[in-house]
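Chain and residue survey
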Amino acid sequence: MSELIQIGSPNQRPRQPRPEDLKLQFSEQGVKELEALLTHYPTKKACILPALWLAQREYDGYLSGDAIAEVAHRLERSYAEVEGVATFYSLYNTAHKPGLHKIEICTCLCCHINGAWNLRDRLVEKLGIHHGETTEDGLFTLEEVECLNSCDRAPCMQVGSQYYGPLTEESLDDLIETLRNTKESTVVQYSNDIVQVQLRKGEA
Amino acid sequence: MAEYKLLLEHTNDPLFKTLAGYKSKGGYTALPKALEMERSAIIDSVKAAGLRGRGGAGAPAALKWGGMPKEKKTEHYLICNADEGEPGTFKDKQLLETCPFELVEGMTIAGYAVQGDVGYVYIRGEYMDGAKALRNALDEAYANNLLGKNILGTGFNFDIQIHMGAGSYECGEETALMSSLMGERGMPRLKFPHAPFPVISGVFDKPTLIHNVESYCNAPYIVNNGAEWFASLGASTKNSRGTKIFSVSGHVNKPGNYEIEFGTPLRELLELAGGVRGGKLKACIPGGSSVPVILAADVERAIIGYEEMGEVKSMVGSGGCMFFNEHTDMVKFAWRSALFYANESCGKCTPCREGTKWMVQILERICKGGGQPGDLDLLKQVANQIDGRSFCPLGDAAAWPVLAALRVFPEEFEYYIENGVSMVTSKPSLVGVP
Ligand SMILES: Cc1cc2nc3c(=O)[nH]c(=O)nc-3n(C[C@H](O)[C@H](O)[C@H](O)COP(=O)(O)O)c2cc1C
Ligand code: SF4
Ligand code: FES
């Protein structure tokens, strides 16, 4: 791939854990939720995406080698298959452990013509990180993303389940400050939200 | 003609997303009616209404409904494509967030008509608010015997499940979506010869009916008000019936979703969105980033309709309508558009995987002021080698905007290459690239 393509960060995946090192870490609740999700599909394989969301919550926002191995084990699929699926999708954190808050700034068409690049530059300057990187204090990960399909609110960004826009430099600064003081991980919260909306009321 | 609110009529009513609120506006009067009809009569009605898919291609809906096997030998699946990813489009988002019951009722009617067992709503991962609203709607529907076993005592069983995507534009393409739903990477599958259409063999290799959110939402209105009434909307057009929701964005004063009747002039859509902001109108992309750009003069004469938009060499697409003012650098815009497709290419086939990246590199060189004499021919050549040669339509969709920009704004490209700066901003202007 060309070095000019911005989106998509270098992906240095951990190695597959040896079978004897497999430690199952899903919480009891997580196991119950997975069982409920499995009833939604005719095959176990179809549950890979929902199970990866679940794992992303259970493993602190990061689909590590252990997380992939656990999903593969529980769904009776191979490690390579699950890893292959996980790395295809941009909302799964597979490159490294993300910060508490993943800031996804849209630079796509409509945001592009509405000043997104200035905001992007401001974030780079404020946080001292570039696309795909995480601050040393583990608070923020920055991602430049394609259209969030909220172009009526351009320029906009997403943090966890929440959309923000139209942004100005001031509202961006305020938001960063608020997030700095938010100790609960919006990455984990978001993964949990995704698990919950897929479950019927009273299902798990 | 102005706004014609059918699906979005009650979008501003916060109670419309509750069962009680939905029912108070006439919701769930269509489902009992449909459940008493012959299945074939519902399909005939969708056909007479002239409903076409709202996901982008505009295929006749009845073709799919009628194509599902009449004799049921195995499970039948329904899919709602709520993976809205086309830049400029945000109508399905609003439908999910504010009118989730329209989708649930519409999908249940369709489920009955084609003897469906389970419907999956594939929602893009980012749409949390929409997913939550739909979750509540589904839970209420289950609690009130509008979903699940023996719906309204008719013996019809139907489930709807939410499946969340995880960030991939390509998963909006229907066969890639099915791959993703089956737990695979979001890559498209061959439709022919193994399975000519999803209605024969779709998700889990079973007959599958797949539609966009907006398409399903129309079903209750067709059942309730009759096919003839529905077909009277847009009757001035050749073959586009009903209403269409357009997501209007870009340089306009009031960006947002506007629902209009087919046959409305495009210029009225611009008026609804409060007109152009920050200067004169320069160009417009009427139906999402994949459709060809048109000039201001064409905006003046374009009529919204699937065939009618062809007269200005563009398309209705997904309804993501972006307007640009005179200060927009179209070369840079073409670069950003090409970058989108390069980033979202799934990598399965060579023309798209390699070609999209080539287009980005050439456009980048031009935007940085280093354009070379043969660049435009090279760009055209690369785009033409993607168009029609890629495995799925994403490749074509990547080539069209670039080809259209070259056709509509040749002087801007030539100026950039000759002078190393933009004709509009007088600067070489590429931010965001190392
Ligand atoms: C690259 C690509 C992306 C697409 N994205 C979407 C999408 O986000 N939403 C959608 O409804 N259809 C999308 N489509 C169209 C679908 O493949 C399919 O035609 C549509 O879901 C059928 O529904 P309809 O008959 O209601 O239009 C996309 C197609 C392609 C080629
Ligand atoms: S055109 Fe080819 S590479 Fe591009 S998205 Fe489709 S299948 Fe993938
Ligand atoms: S371009 Fe940024 S939300 Fe659509």
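Residues numbered from 1 in each chain as written. Chains lettered and ligands numbered in written order. Predicted model: local features only at pLDDT ≥ 70, side-chain atom pairs only at ≥ 80, totals over all residues. Heavy atoms only, no water.

1. Examining the site of ligand 2
In the region of ligand 2, 13 residues are neighbours, and Pro188, Cys346, Cys349, Cys352 and Cys392 of chain B sit closest. Grouping the amino acids of the shell around ligand 2 by side-chain chemistry returns seven nonpolar, four polar and two charged. (Near = heavy atom within 4 Å. Nonpolar A, V, L, I, M, F, W, Y, C, P; charged D, E, K, R; others polar.)

2. Side note on the pairing of strand β2 (residues 140–145) of chain A
Residue and element names in this part refer to chain A. Most of β2 is tucked away: six of the six residues are buried. Burial of β2 is two-sided: the residues Phe140, Leu142 and Glu144 facing one way and the residues Thr141, Glu143 and Val145 facing the other way are all buried. By the bridge criterion, six bridges tie strand β1 (residues 101–106) to β2 in an arrangement that is parallel. By the bridge assignment, Ile105 is partnered in β2 with Glu144. (Buried < 20%, exposed > 50% of the residue type's maximum accessible area, 1.4 Å probe, protein only. Helix = DSSP H or I, 4+ residues; strand = E, 2+ residues; numbered from the N terminus. Pairing = 2+ DSSP bridges.)

3. Brief notes about the site of ligand 1
Residue and element names in this part refer to chain B. For ligand 1, the set of nearby residues contains 19 residues, the closest of which are Gly55, Lys64, Asn81, Asn212 and Ser215. In this structure, Gly172 approaches ligand 1 through a main-chain N or O atom, which is 3.2 Å from a nitrogen atom. One of the side-chain nitrogen or oxygen atoms of His211 is found 2.9 Å away from an oxygen atom of ligand 1. Elements with a minimum of two residues in the shell around ligand 1: β4 (208–212) and α16 (393–408). When residues of the shell around ligand 1 are assigned to their parent elements, the largest contribution, three residues, is made by β4. (Polar contact = N/O pair within 3.5 Å; in protein donor to acceptor, adjacent residues only side chain to side chain.)

4. Details of the packing of helix α14 (residues 350–367) of chain B against α16 of chain B
All names here are of chain B. Their axes nearest at 10 Å, the elements α14 and α16 cross at an angle of 20 degrees. Considered as vectors, α14 and α16 are oriented roughly parallel to each other. The way α14 lies across α16 gives a crossing that is left-handed. Residues Cys352, Thr356, Met359 and Leu363 of α14 form the contact with α16, whose own contacting residues are Leu394, Gly395, Ala398, Ala399 and Val402. Taken together, the residues that form the contact of α14 with α16 break down as seven nonpolar, two polar and no charged. (Axes fitted to C-alpha atoms, helices over the stretch in contact; angles between N-to-C directions. Parallel < 35°, antiparallel > 145°, perpendicular 65-115°, else oblique. Left-handed = near helix turned anticlockwise from the far one by under 90°. Contact = heavy atoms within 4.5 Å.)

5. Concerning the domain arrangement of chain A
All names here are of chain A. Split into domains, chain A comes out as domain 1 (3–95 + 189–203) and domain 2 (101–185). Inter-centroid distance (C-alpha atoms) of domain 1 to domain 2 is 25 Å. Summed over both partners, the interface of domain 1 with domain 2 comes to about 870 Å²; 40% of that surface belongs to carbon and sulfur atoms. Joining domain 1 to domain 2, the criterion identifies zero salt bridges. Put simply, domain 1 and domain 2 have three residue pairs in polar contact (both at pLDDT 80 or more) between them. Classifying every residue of the side of domain 1 that touches domain 2 by side-chain character gives three nonpolar, six polar and one charged. (Domains from an automatic or database assignment. Buried area = accessible area lost by both parts, 1.4 Å probe. Salt bridge = Lys/Arg side-chain N within 4 Å of Asp/Glu carboxyl O.)

6. Considerations on the interface of chain B and chain A
The interface of chain B with chain A comprises 68 residues on the first partner and 53 residues on the second. Interface of chain B and chain A: buried area, both sides summed, is about 5,100 Å²; carbon and sulfur atoms make up 60% of it. The interface formed by chain B and chain A holds four salt bridges in total. Between Lys45 of chain A and Glu184 of chain B there is a salt bridge, with the nearest N and O atoms lying 2.7 Å from each other. Across the chain B-chain A interface, the total number found is 27 residue pairs in polar contact (both at pLDDT 80 or more). When contributions to the side of chain B that touches chain A are tallied by element, the ones reaching two or more residues are β2 (118–123), α7 (128–143), β3 (159–164), α8 (174–181), β5 (243–250), β9 (320–325), α13 (330–344) and α14 of chain B. Ranked by residue count, the leading element in the side of chain B that touches chain A is α13 of chain B, at 10 residues. Taken together, the residues that form the side of chain B that touches chain A break down as 29 nonpolar, 22 polar and 17 charged.

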